[in-house]
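# Inside the fold
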Amino acid sequence: MCNSCEKQLETKFADGNVDLTLLEPIFAEYTGKPGSIISILQKTQEIYGYLPLSALQAIADKTGNKRAKIYGIATFYSQFRLSPVGKYVILQCHGTACHVLGAEKVGSAICDELGISPGETTTDGLFTLEDVACLGCCSLAPVIMINGETYGKLTPDSVRKILQNIAEAEKGGVVCEA
Amino acid sequence: MKLRVGFGSCGIAAGGRKVVEKLEAEMKNHGQQVELILTGCIGMCFYEPIVDVIDNNDKVYTYANVTPEKAEEIFNTHILGGKPLEQYIVSTSDKPYPILSKQVRIALKNCGIINPENLDDYLAKDGYKALAKVIKEMTPEGVIEEVKVSGLRGRGGAGFPTWFKWNAANKSKGDIKYVVCNADEGDPGAFMDRSVLEGDPHALLEGMAICGYAIGAREGHIYCRAEYPLAIKRLEIAISEAKKKNLLGDNIMGTGFSFDMHIKKGAGAFVCGEETALIASLEGERGMPRLKPPFPAQSGFWAKPTNINNVETFANVPWILFNGGKAYAAYGTEKSKGTKVFALAGKIKNGGLVEVPMGMKLREVIYDIGGGIANDKDFKAVQMGGPSGGCIPKELLDTPVDYDSITKTGAIMGSGGMIVMDEDTCMVDMARFFLDFTCKESCGKCIYCRIGTKRMLEILERITAGQGREGDIEKLQELAVSVKDGSLCGLGQTAPNPVLTTIRYFRHEYEAHIRDKKCPAKICKPLLTYTINADACKGCTLCAKKCAVQAITGKPKQLHVIDQALCTKCGNCATVCRFNAVGIE
Ligand SMILES: Cc1cc2nc3c(=O)[nH]c(=O)nc-3n(C[C@H](O)[C@H](O)[C@H](O)COP(=O)(O)O)c2cc1C
Ligand code: FES
């Protein structure tokens, strides 16, 4: 890693803008419980919506681990994100059943509608799109899940409508039925 | 009268919540309180949302694809008026729909029947009686013997005899032992574990507690994937209810046997379904598999003797102990006893979950129960075993579904996912799809799995992009052998299977891609050409309007033309054309 990148990363690990006191209850719950790092990371992500590097540093310090180890775990699992996400996280299934029934076209429609690629967040901070493999509703393929709610039997048009409804509702407009 | 609504993830996604809200509103409007039971999934997902009306003689009328409007009608005419709406009813308890009548439901016996959030419902179905019998009347060895008689084999994929693992864990020395449930269900296209977790969580808990007694463990851990939020919620409720009634926890039913239960959420890694990786993940580490032996039965979670089984495996256990191993072994074939749950998805009419005796022919499962291919297209293949499995072609539709017969085809039973494919599915694209999956999910420990799958994927990507070369098929076969041999865990050892089976049965499709630069199923975009047929085009301008890259030109009422240099082959024009004028070659 070049010098300037390393410095940049160092500042992120020491970022003072992240309120680390929010982690206290998590530490209180898991102190002295071995094998809790994944659970701690999950709770941390619930709080911030992602894993700030400075929080990883704090977790490393608190659990007596090297931060490389915590970082290693955080980047191993696809659930963890190192950058902030939108208010609505769209998980788009690319499992077998969904693939066979046209997940790709649904995906293109989402990307086109929101102007982002998988893994990205819209500039207004409303939507994040992530690809996943199977949400377990394969008989309703193609499927997406938005903040825990599953939508099935999608077409490019119906998925656009779902997203437009949410965006509309956020603007304070009237939500029309999909 | 009672009302029952399918309220698994699938039922909710299909619109079950609005139906329930409507029914509740109707009750309020009419001041008529009717018992409303929210259940898990009955398996007829293509019929969701499903509403059952149960009359006072316990006759069940099943209404399918219920909308809020239909729900109102059902409430007014059937519940209040006492007149069944024959035109909407798809099945009744005395004349069940074929998809139900051909099944033998053991693991799924309560799914879609009881309210999973209500322990009393489970108790009313003889719940926890098997556990009571086990801990009050049987020895651990007696339990293992009963499981042996049943012939139960692991439902998580490998099909290992369950009693053998229990016995090994029982014989292992140590005060502290663990029972672990593998609820990671990573195979994309399989959802039987989700259904059990959401629809009958107590069956799993009871099965695990029985296992705990048999091997001498006092603690159970369920490793459940985070993509199943509803399953986790219902498990949490079930555990706390069971503890309140002293069916779990300390000194269960006053017998001195204690068994506590914990849930751990997975964090999204397919390889964590592999048992040693799962244990590493339970311990909070990166989920990397390790070499066996030692097997988990000797040294597993926290290096203690551990027995790990799949959700469906455990869900069979209470039934086996309650009814006896012999009764279970009466179903199935010589080497594959009992029943198996299959998840039917893909291009099938009646997608959903079915539980049938082992040994039923694939054809029966797909046609008689699954209703055949959607839109009456031609069957091409069924994919079994997910990323570790393979595609079984039409010629082999009479293969019985049992562990050994399926393995002979080059696929594996796996967890029971069956993805049905029709003439419009490209088999080379499927091979690419699965390899893309395993390549991404490889943990990276073994070089062949990490880099070998990547190289194979690159070749497949080349072929589907129209740049296949002579010798590619042979190179794939050669790499497949190396990846199988050079990988430590099942992920790498089985990753080439989808490629090998598609080459074995659909070599002509590979050759069409490589030699003729054609995709027979018309899926691989770079190999397609879109043209507008002069005879059919009416000049309606719709395709030109919908083309994202302005590749289509033409005046109203005149023939439109696609500029091949600009065309990105998105297929929009073909989708929107009302005159079928866009041809794909
Ligand atoms: C890559 C890989 C993924 C696996 N995924 C799962 C899974 O999602 N669920 C499961 O029950 N077993 C899975 N298994 C099988 C487990 O390693 C193990 O054999 C199984 O949980 C044992 O339970 P059983 O004997 O009841 O089948 C997987 C194996 C491999 C190699
Ligand atoms: S394959 Fe998409 S939900 Fe299972």
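The structure we're discussing is the one just above.
Residues numbered from 1 in each chain as written. Chains lettered and ligands numbered in written order. Predicted model: local features only at pLDDT ≥ 70, side-chain atom pairs only at ≥ 80, totals over all residues. Heavy atoms only, no water.

### So, the overall build of chain B
Looking only at helices and strands, chain B has 23 helices and 18 strands in total. The globule rule puts the C-alpha radius of gyration for 585 residues at 25 Å, and the 26 Å found for chain B is close to it. Taken along its principal axes, the extent of the C-alpha atoms in chain B is 85 × 65 × 40 Å. Split into buried and exposed, the 585 residues of chain B put 59% on the buried side. Of the contacts formed within chain B by residues at least 6 apart in sequence, a portion of 70% connects residues at least 24 apart. Within the structure as shown, chain B displays about 22,600 Å² of accessible surface, and the carbon and sulfur contribution to it stands at 50%. Seen as two clouds, the 74 positive and the 69 negative side-chain charges of chain B have centres 3 Å apart. (Helix = DSSP H or I, 4+ residues; strand = E, 2+ residues; numbered from the N terminus. Rg over C-alpha atoms; globule rule 2.2 N^0.38 Å. Buried < 20%, exposed > 50% of the residue type's maximum accessible area, 1.4 Å probe, protein only. Contact = heavy atoms within 4.5 Å. Areas by Shrake-Rupley, 256 points an atom, 1.4 Å probe, with all protein chains shown as cover. Lys, Arg positive; Asp, Glu negative; His and termini not counted. Charge placed at Lys NZ, Arg CZ, Asp CG, Glu CD.)

### With respect to the site of ligand 1
Residues and elements named next belong to chain B. Around ligand 1 lies a shell of 18 residues, among which Gly 156, Lys 165, Asn 309, Asn 310 and Thr 313 are the nearest. Within the backbone of Arg 155, an N or O atom sits 3.3 Å from an oxygen atom of ligand 1. Within the backbone of Gly 186, one N or O atom sits 2.9 Å away from an oxygen atom of ligand 1. Summarising the interface, the protein chains cover 88% of the accessible area of ligand 1, which totals 610 Å² for the free molecule. Elements that contribute at least two residues to the shell around ligand 1 include exactly strand 9 (306-310) and helix 20 (490-494). Take the shell around ligand 1: its biggest share by element is three residues, from strand 9. (Near = heavy atom within 4 Å. Polar contact = N/O pair within 3.5 Å; in protein donor to acceptor, adjacent residues only side chain to side chain.)

### Quick look at the interface of chain A and chain B
Contacts between the two partners involve 40 residues from chain A and, on the opposite side, 57 residues from chain B. Applying the counting criterion to the chain A and chain B interface returns three salt bridges. Here Lys 69 of chain A and Glu 285 of chain B are joined by a salt bridge, their closest N and O atoms 3.0 Å apart. Mapped onto the side of chain A that touches chain B, the elements with two or more residues apiece are helix 3 (37-48), helix 5 (67-76), helix 6 (96-100), helix 7 (103-114) and strand 4 (149-151) of chain A. Considering every element that reaches the side of chain A that touches chain B, the biggest residue donor is helix 3 of chain A, with five residues. Partitioning the side of chain A that touches chain B into residue classes produces 18 nonpolar, 15 polar and seven charged. (Salt bridge = Lys/Arg side-chain N within 4 Å of Asp/Glu carboxyl O. Nonpolar A, V, L, I, M, F, W, Y, C, P; charged D, E, K, R; others polar.)

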